[in-house]
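Summary of the model geometry
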Amino acid sequence: MKKTQFDFDTPIDRTQTQSDKWAKYPEHVIPMWVADMDFDSPECIKSALNKRIDQGVFGYTHASKSLNSAILNHLEYRYHWSISPTTIFHLPGLVCALHMAVRAFSNENDGIIVPGPVYYHLNRAPKLSQRQLITVDMTIQQDRWIPDFNQLEKACAQANAKMILLCNPHNPGGTVYTREELAQVHSLAKKYDLLVVSDEIHCDLIFDDLQHIPFASLNEDAANRTITLMAPSKTFNLAGLGYAFAVIENAKLRQTFNNAKSGLIPYPNMLGLVAASAAYQEGQQWHQALLSYLTKNRNFLQQWLEKTPFSIQKLEATYLAWIDVSALDIDNPHHFFLEAGVGVSDGKEFGNSSFIRLNFGCPMRQLEQAIERLEVALTKNNIL
């Protein structure tokens, strides 16, 4: 693979940085759980942050015109999605926006439809706001995770159904939905007059020359019934800086969302705004190099899994591998990995305890060390 000027191989000691990822497990455990990569940030982002800090004044701040332009250009260039700057809401994070959207556009006991297993906050948002969580199974078709569309229609037809929470691309399954699959979701949303909140935070982490399609970009009707949530945080590893944005093209929905968040959701951190602007304006080369490196890690992991009793479906997006470990035939697979010295995410959090989610967004040597530990544990237990 062609080398670039970007270094993804050099390990970075994060143990003294108050890192949630590295503080969760004992020191001897390699943490490979939360969606947080172990790579150095792009120089363009570090330079922009240093320049802003050197100014020395940290008062109330609003988004710059250059950030709005950068977002518009990014969406147009990568997804052929043209929007107006008036449709953008700058936010301090995607999770709070997800929870706020559920509360803003539904009432207690309304039905919120969530295909899963899925990122756990999509299930928590309805539960914490006293809505009815209506689950729909994700099924494996042609080696990809997609919703069971028969179940989805039955869920949409329920009298109290109000909203679909869509994870696009899917986390943890790694599916990049096709236009036809998204059109099926839209046809049901339109037929039963449902809103769609589309979590698209992993949209820039797409492999194999596949194309992410924002749900709202499908057609005018989709645009008018969708709240799209995006952020540079997963792509450029900026979660600690607290920045995300929503795109809401329907003026009435914008007003409702704005009223709901007023006084509850603060404006984004100043440094988050700066980092986002630098990422979208100057981070393209680093981003492409990252995708190449992650592809190499993904392929290495998949090739190893083929030698084990574990299995994984086609991983089209994200640096998160959703691995079927039911072959272990134990009640707590997560504990098995932890005992081996590898800290992964428990599949139970996403809706299936027979799986684990493993983060391979790290230097290759770190991934190799994790696999070496797992090989020892599997061999010791006569599984490999």
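The preceding data block contains the structure.
Residues numbered from 1 in each chain as written. Predicted model: local features only at pLDDT ≥ 70, side-chain atom pairs only at ≥ 80, totals over all residues. Heavy atoms only, no water.

Glancing now at the overall build of the protein. Assigned secondary structure in the protein consists of 14 helices and 14 strands. Relative to the 2.2 N^0.38 estimate, which gives 21 Å for 384 residues, the radius of gyration of the protein is 21 Å and therefore close to what a compact globule would have. By residue count, 57% of the 384 residues in the protein fall in the buried class. Taking the contacts inside the protein whose residues are at least 6 apart along the sequence as the reference set, 75% of them involve residues at least 24 apart. Carbon and sulfur atoms make up 47% of the accessible area of the protein, which amounts to about 17400 Å² in all. (Helix = DSSP H or I, 4+ residues; strand = E, 2+ residues; numbered from the N terminus. Rg over C-alpha atoms; globule rule 2.2 N^0.38 Å. Buried < 20%, exposed > 50% of the residue type's maximum accessible area, 1.4 Å probe, protein only. Contact = heavy atoms within 4.5 Å. Areas by Shrake-Rupley, 256 points an atom, 1.4 Å probe, with all protein chains shown as cover.)

With that settled, the discussion passes to the packing of helix H4 (residues 94-104) against helix H5 (residues 121-128). For the pair H4 and H5, interaxial distance at closest approach is 9 Å and the crossing angle is 40°. Viewed along their axes, H4 and H5 adopt a mutual orientation that is oblique. With respect to the hand of their crossing, H4 and H5 are arranged in right-handed fashion. Here Val95, Leu98, His99, Val102 and Arg103 of H4 come into contact with H5, specifically with His121, Leu122, Arg124, Ala125, Pro126 and Leu128. (Axes fitted to C-alpha atoms, helices over the stretch in contact; angles between N-to-C directions. Parallel < 35°, antiparallel > 145°, perpendicular 65-115°, else oblique. Left-handed = near helix turned anticlockwise from the far one by under 90°.)

On to the sheet that holds strand S8 (residues 226-230), then. Taking strand neighbours across the sheet as the criterion, the 8 strands line up as S2-S9-S8-S7-S6-S3-S4-S5 in an open arrangement whose pairing is mixed. Of all strands in the sheet, those bounded by a partner on one side alone are strand S2 (88-91) and strand S5 (144-147). Going from strand to strand, the sheet's axes swing by 25° on average, the running direction of each strand aside. (Pairing = 2+ DSSP bridges.)

Now for helix H2 (residues 43-54). With 12 residues, H2 should cover 16 Å at 1.5 Å per step; its first-to-last C-alpha distance of 16 Å lies within 8% of that length. Within H2, burial applies to Cys44, Ile45, Ala48, Leu49 and Arg52. Each buried residue of H2 lies within a common arc of 130° when the element is viewed along its axis, so the set occupies one face. Seen from the buried face of H2, the exposed residues on the opposite side, beyond 90 degrees, are Glu43, Lys51 and Asp54. Each element contacted by the buried residues of H2 is listed here: helix H9 (233-236) and helix H11 (270-282). Positive phi shows up at Gly56, right after H2, with a value of about 80°. (Expected span 1.5 Å × (residues − 1). Arc of directions from axis to C-beta.)

Turning our attention to unusual backbone geometry. Residue Gly116 is joined to Pro117 through a cis peptide bond whose omega torsion reads 10°. Looking at the element boundaries, Pro117 is found in the loop between strand S3 (111-116) and H5. In this structure, the amide linkage connecting Asn168 to the following residue, Pro169, adopts the cis form with an omega of 0°. The phi dihedral of Asp193 falls on the positive side, at around 55°, and the residue is not glycine. Its location among the elements puts Asp193 in the loop between helix H7 (179-191) and strand S7 (195-199). For Asp193, a relative accessible area of 59% puts it in the exposed group. Backbone geometry places Thr318, a non-glycine residue, at a positive phi of 75°. Take Thr318: it is sitting in the loop between strand S10 (311-312) and strand S11 (320-324).

Let us look at the pairing of S5. Residues Arg144 and Ile146 of S5 are buried on one face, and the alternating residues Trp145 and Pro147, pointing to the opposite face, are buried as well. Taken together, the 4 bridges between strand S4 (residues 132-141) and S5 define a ladder with antiparallel strand orientation. Following the sheet pairing, Gln141 is matched in S5 by Arg144. Hairpin remark: S4 followed by S5, antiparallel, with 2 residues in the connecting loop; positive phi at Gln142, about 50°.

A general tendency of soluble globular proteins is for nonpolar side chains to be buried together. The biggest cluster of nonpolar side chains holds 59 residues, and the ones touching the most others in it are Phe105, Ile113 and Leu165. The greatest single-element share of this core, amounting to 7 residues, is contributed by H4. Those residues within four positions of Ile113 in sequence are excluded, and the remaining contacts are Ile134, Val136, Leu152, Ala155, Cys156, Ala161, Met163, Ile164, Leu165 and Leu194. Core analysis: the next-biggest nonpolar cluster, separate from the first, contains 52 residues, Cys44, Phe236, Leu294 and Ala321 among them. (Core = buried A, V, L, I, M, F, W, Y, C linked by side-chain atoms within 4.5 Å.)

Our focus in this paragraph is the sheet that holds S11. What the 4 strands build is an open sheet, ordered S10-S11-S14-S13; its pairing is antiparallel. Each edge of the open sheet carries a strand with a single partner, namely S10 and strand S13 (345-346). The pairing of S13 with strand S14 (residues 355-359) spans 2 bridges and is classified as antiparallel. Its bridge partner being in S14, Ser345 is matched across the sheet by Arg357.

Structurally, Ser106 is set in the loop between H4 and S3. A distance of 2.4 Å separates a polar atom in the side chain of Ser106 from the backbone oxygen of Val102. (Polar contact = N/O pair within 3.5 Å; in protein donor to acceptor, adjacent residues only side chain to side chain.)

This paragraph deals with helix H6 (residues 149-156). Taken residue by residue, H6 has Phe149, Leu152, Ala155 and Cys156 as its buried positions. Looking down the long axis of H6, one finds its buried residues gathered within 115° of arc, a one-sided arrangement. Set apart from the buried face of H6 by more than 90 degrees, the exposed residues are Asn150 and Lys154. Packing partners of the buried residues in H6 comprise S3, S4, S5, strand S6 (161-167) and H7. Sitting at the amino-terminal end of H6 is Asp148, which places a side-chain oxygen 3.0 Å from the backbone nitrogen of Asn150.

The analysis is restricted to geometry; functional conclusions fall outside its scope.
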